[in-house]
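# Breakdown of the fold
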Amino acid sequence: MRLFWTLILIFLYNGYSSEGVNSTLSARPKVVNVGCMLSFNTAVGKVTKVAVEAAVEDINSNPSVLGGTKLNVISLDSNSSGFLGIVEAIRFMETDIMAIIGPQSSVIAHVVSNIANELQVPLLSFAATDPTLSSLQYPFFVRTSPSDMFQMAAIAEIIEHYEWREVIAIYIDDDFGRNGIAALADQLAKRRCSISYKAAMKPEATLDDARDVLVQVALRESRIMVVHTYPSKGLDIFSMARYLGMIDNGYVWIATHWLSTILDSDGPLSPDKKENLDGAITLRIHTPDSELKKKFVSRWSNLTGKAGVTGGMSTCALYAYDTVWLLARAINEFFNQGGNISFSKDPRLTEQNSGSLNLDSMSIFDGGKLLLDDIYKVNMTGVTGPYGFTSDRNLFRPAFEVINVVGTGFRKVGYWCNYSGLSIVPPETLYSKPPNRSSSNQQLHSIIWPGQTTEKPRGWVFPNNGRQLKIAVPNRASFREFVGKVPGTTDSFRGYCIEVFTTAINLLPYAVPYKLLAFGDGHNNPEDTELVRLITAGVYDAAIGDIAITTNRTKMVDFTQPYIESGLVVVAPVKQQNSNAWAFLRPFTPRMWIITGVFFLVVGTVIWILEHRLNDDFRGPPSKQIVTVLWFSFSTLFNAHRENTVSTLGRIVLLIWLFVVLIINSSYTASLTSILTVQKLSSPITGIESLVNTKDPIGYQLGSFARNYLIEELGIHESRLVPLNLPEDYAKALKDGPSHGGVAAIVDERAYMELFLSTRCQFSILGQEFTKNGWGLSLGTLL
């Protein structure tokens, strides 16, 4: 008996609950009421109303879903009005409804969600895709279709896939439009892209308003248009864009899924509307093929026929159908857990003097939190595929199809899913593989762009209201063969650097408006580092000319690849070495001659020591033996010795010596030939090392980076450096030399010095280049 009463007490204790759960498991009600807020005057509202009614009919005809309880959906028309949406929500809250399906608009959802939060009634919307309708601010708002956050991620990946960097956003300026474009901006920023211009339109915009906005868009640089609006306004935007000539080569039009909704639900569009959309890209929520989906699609014509609705079935209808099933399964679990449909007064409403508004008639749904939890716990397979929620209350694995509108129809060119990005195979085939978001794995089929072209648009043009690029050109006083102003003109330049620039410009597939501006007075060579600094200050956009690429300058601006390899060299006077009667002695130095002669004597002595005891040729009186040694030694130079060697060691020494003699003969012959046939120039300076070690003055080009390099890198005192401006100044300073107020050598870039030496043979480059740099076009951050 004690065990019996203990079990009874435990059962009674577990029956208590503070949130809509009975003290004992009560019987299920015969009918549960659910509200539905749609805009019946829209194409989406019409087809979704059919889908909701079909779901209710299927649920009520299957007793196993709700255990015999009938689902009663009360539909009200919000007429796309935020005010009417509030009125409808208040009317619903005055009745005993458990949840509301809808609203259809994100703007209305923002308002109604506040009421749902207060009265704890779950609000399930399959069409309010605004990403800011989050579960944190609106905990009783349940989004039963993919958020626009994922749609904008798909568009951003398409932009990145085609290597575009800036887009123009055309949108309706309300909560739905602004928040969707904000999500797009965030997704683009993750991929180092951006929205260059936001073209906002008021919700009640007319065709004239659309024209005014698109005229401003046409003046911009970007040609990538992202249109995020409502179906009724979207077609007007495309119509006006075609009227303005913006549905043509070079443009890219990307529409959010409002366009695919029109293509699916409105039936065949007129030829004029199709022509307006030619080449556009849009997204459609991907729903995998399944038996449930095929059965529902096959029923669609009968369902719309009974309801007197014309039009095809869009993904909105599929998600509306699954939303009702989701709610039914959650309600069933709610009752399984002992949930009770009960309401209590809101103390804050009863304290208010509502007057004729009758606000105190609205009550809090006591089981709202329990039902909300049950909704998020549902895992089912619907007509849209596997249906469930993640931990952040978004639908599991959202995916989209990429649609290309072509001619009188449209075609699927690929898919996007949050799991692996862009692909040409359905996402469900990729879920069993590891996610791969490498650039090589992101693929789409070829797209026919506006203007009936398959070539990927460049994505931008120079804007009609854009300014010309201000490009600085050094107005040199010397070496004008590289760059210089044409005499008698103000903005005409010529030279090798100008030809490189104009050739590069002509190779571009588009026009670049620019204006060349002289930098310098033309009497003194300008300082290139100062020119680079002015680019960073915004005075110039870029610079072309003989601008050396140095470390300090690359920290300020960007440079192109070098088009001339150059480096610092030393130039000094040289003297010619003339041949004379004693020229045959010049191949070897005196020391070399002495060492060679000593070796001849040493080898002869060694051979005599090894041979004179055995060989009669090395015997005789001392005077004869000395002559024999000398003769034998020097005759080996011509391999003309007549004495034979008989000892083994003597032959080995002789063999080695003859090999050495061969090398000496070859070296002597080669050196003498060079001396007699090639002109020789001499100078006391052999390169930068020998120049640094002297105290002689050094010349450099005025305005060149060579001055700082000699002082900072090589430690040459500033007093030794002499600035020179013209090639004539170079020649005079070198001829005068240090003793007559000139310089011992000049340090300058090889390109200048080769041009200088082309007509002055009395000077020469000595040693090797001791820096490695080049000339390039300097570009500011604007480019």
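Please read all numbers here as calculations on a predicted model, not as lab measurements.

Calculation rules
- Residues numbered from 1 in each chain as written.
- Predicted model: local features only at pLDDT ≥ 70, side-chain atom pairs only at ≥ 80, totals over all residues.
- Heavy atoms only, no water.
- Helix = DSSP H or I, 4+ residues; strand = E, 2+ residues; numbered from the N terminus.
- Buried < 20%, exposed > 50% of the residue type's maximum accessible area, 1.4 Å probe, protein only.
- Contact = heavy atoms within 4.5 Å.
- Axes fitted to C-alpha atoms, helices over the stretch in contact; angles between N-to-C directions.
- Parallel < 35°, antiparallel > 145°, perpendicular 65-115°, else oblique.
- Nonpolar A, V, L, I, M, F, W, Y, C, P; charged D, E, K, R; others polar.
- pLDDT = per-residue confidence, 0-100.
- Pairing = 2+ DSSP bridges.
- Right-handed = clockwise from strand over helix to strand, strands pointing away.
- Expected span 1.5 Å × (residues − 1).
- 1 Å grid on protein atoms, 1.4 Å probe; cavity = no way out; pocket = protein on both sides within 12 Å on 5 of 7 lines; lining within 4 Å.
- Points joined across faces, edges and corners; volume = space filled by probe spheres on them.
- Salt bridge = Lys/Arg side-chain N within 4 Å of Asp/Glu carboxyl O.
- Patch = residues over 30% accessible without salt bridge, like charges linked within 9 Å, V, L, I, M, F, W, Y side chains within 5 Å.
- Areas by Shrake-Rupley, 256 points an atom, 1.4 Å probe, with all protein chains shown as cover.
- Core = buried A, V, L, I, M, F, W, Y, C linked by side-chain atoms within 4.5 Å.
- Arc of directions from axis to C-beta.
- Phe/Tyr/Trp six-rings, centres within 6.5 Å; stacked < 30°, edge-to-face > 60°.

### Concerning the environment of K293
With respect to the secondary-structure elements, K293 resides in helix α12 (residues 291–307). The buried category is assigned to K293, whose relative accessible area is 15%. For the pair formed by K293 and G382, sequence separation is 89 residues and the distance between their alpha carbons is 7.8 Å. If we skip the residues at most four places from it in the chain, K293 touches T287, P288, L318 and V383.

### Observations concerning the packing of helix α2 (residues 43–60) against α12
Two elements in contact, α2 and α12, have axes separated by 10 Å at closest approach and are oriented at 110°. When the axes of α2 and α12 are compared, the pair comes out roughly perpendicular. Residue-level inspection shows V47, V50, A51, A54 and D58 of α2 in contact with α12, the latter providing F296, R299, W300, L303, T304 and A307. Here the contact of α2 with α12 is built from residues that sort into 8 nonpolar, 1 polar and 2 charged.

### Focus: the confidence of the model for the protein
The pLDDT averaged across the protein works out to 84; a share of 88% of its residues lies at or above 70. For the stretch residues 1–25, pLDDT sits under 50, and the model shows 24 contacts to residues farther than four places along the chain or on other chains.

### Focus on the pairing of strand β6 (residues 166–172)
Every other side chain in a regular strand lies on the same face of the sheet, so the side chains alternate between the two faces. Within β6, 6 of the 7 residues are buried, leaving the element largely enclosed by the surrounding structure. Relative to strand β7 (residues 194–201), β6 is paired through 7 bridges, and the arrangement is parallel. Across the sheet, A169 pairs through a bridge with K198, a residue of β7. Handedness of the β6-helix α7 (residues 175–190)-β7 crossover: right-handed. Note that β6 and strand β8 (residues 224–228) share 4 bridges and pair parallel. The residue bridging A169 from the neighbouring strand is V226, located in β8.

### As for the sheet that holds strand β29 (residues 721–724)
One key point about sheets: their strands pair by backbone hydrogen bonds, in either a parallel or an antiparallel sense. Spatially, β29-β28-β30-β25-β31 is the arrangement adopted by the 5 strands of the open sheet, whose pairing is mixed. The two strands at the open ends of the sheet, each matched to only one other strand, are β29 and β31 (763–766). Taken pair by pair, the neighbouring strands of this sheet meet at an average axis angle of 35°, ignoring direction. Strand direction decides the pairing type here: strand β28 (residues 698–701) and strand β30 (residues 745–749), joined by 3 bridges, are parallel. Residue pairing in the sheet places G699 in a bridge with I746 of β30. Contacts between helix α24 (residues 727–736) and the sheet are confined to β25 (568–573), β28, β29, β30 and β31, with β30 contributing the most and set at about 150° to the helix. The sheet contacts of helix α25 (residues 750–757) involve β25, β28, β30 and β31, and relative to β30 the element is tilted by about 120°.

### Some details on α2
Its 18 residues give α2 an end-to-end C-alpha distance of 26 Å, which sits within 8% of 26 Å, the value for a rise of 1.5 Å per residue. Counting buried positions along α2 yields 13 of 18 residues, so the element is predominantly enclosed.

### As for empty space enclosed by the protein
Within this structure, the stated rule accounts for 1 cavity of 30 Å³ or more. Within this model, the largest cavity holds a volume of roughly 90 Å³. Lining the largest cavity are 14 residues, and of these D528, G703, S704, E749 and Y752 sit closest to its centre. Among the residues making up the lining of the largest cavity, the classes are represented as 5 nonpolar, 4 polar and 5 charged.

### Quick word on the pattern of salt bridges
Inspection of the entire model under this criterion finds 22 salt bridges. Put simply, D209 and K202 hold a salt bridge, and the shortest N to O gap is 3.7 Å.

### Remarks on a nonpolar patch on the surface
Residues L649, I652, I656, F659, V660, L662 and I663 make up a contiguous nonpolar surface patch of roughly 670 Å² in combined accessible area. Position of F659 relative to the elements: it lies in helix α21 (residues 648–677).

### Describing the nonpolar core
By size, the foremost hydrophobic cluster in this structure holds 106 residues, and its most contacted members are L71, I159, I254, F296, W300, I331 and L371. No other element matches helix α13 (residues 315–336), which puts 14 residues into this core. Not counting residues within four places of it along the chain, the set of residues in contact with I331 comprises V32, V34, L66, L71, M98 and L371. Counting residues in each nonpolar core, the second largest holds 54 residues, with V473, L568, Y752 and L757 among its members.

### A short note on α24
Among the residues making up α24, those that are buried are P727, Y730, A731, A733 and L734. Buried residues of α24, seen end-on, are gathered within an arc of 170° and therefore sit on one face of the element. Facing away from the buried side of α24 by over 90 degrees, the exposed positions are K732 and K735. Elements that come into contact with the buried residues of α24 comprise β25, β28, β29, β30, α25 and β31.

### Points about the packing of aromatic side chains
All told, the structure shown has 28 aromatic pairs when counted by the stated rule. With 5.0 Å between their ring centres and 20° between their planes, F176 and Y230 make a pair best called stacked. With F176 in helix α7 and Y230 in the loop between β8 and α9 (231–243), this residue pair connects regions lying 54 residues apart in the sequence. Judged by its relative accessible area of 9%, F176 is buried. Seen in terms of ring centroids, Y709 and F770 are 6.0 Å apart; in terms of plane orientation they differ by 35°. Their pairing is tilted. With Y709 in helix α23 (residues 706–712) and F770 in the loop between β31 and β32 (773–775), the pair connects residues that are 61 residues apart, well separated along the chain. Classification of Y709 by relative accessible area gives partly exposed; the value is 22%.

### A short note on unusual backbone geometry
Following G102, the chain continues into P103 via a peptide bond in cis, with omega recorded as 0°. Among the secondary structure elements, P103 is positioned in the loop between β3 (97–101) and α5 (106–119). The residue Q120 is not glycine, and still its phi comes out positive at about 55°. Among the secondary structure elements, Q120 is positioned in the loop between α5 and β4 (123–125). Even without being a glycine, R192 presents a positive backbone phi close to 60°. Mapping R192 onto the fold places it in the loop between α7 and β7. Relative accessible area serves as the criterion here: at 77%, R192 is assigned to the exposed category.

### Some points on the sheet that holds strand β18 (residues 469–474)
Strands sit in the order β21-β18-β22-β33-β23 across an open sheet of 5 strands; the sheet is mixed. With one partner strand each, in any of the chains shown, β21 (514–519) and β23 (558–559) form the two edges of the open sheet. Here helix α16 (residues 496–507) sits on the sheet in contact with β18 and β21, set at roughly 165° to β21.

### Details of the environment of S232
On the secondary structure map, S232 appears in helix α9. With a relative accessible area of 54%, S232 lands in the exposed category. Sequence spacing of S232 and A43 is 189 residues, and the spatial spacing of their C-alpha atoms is 9.4 Å.

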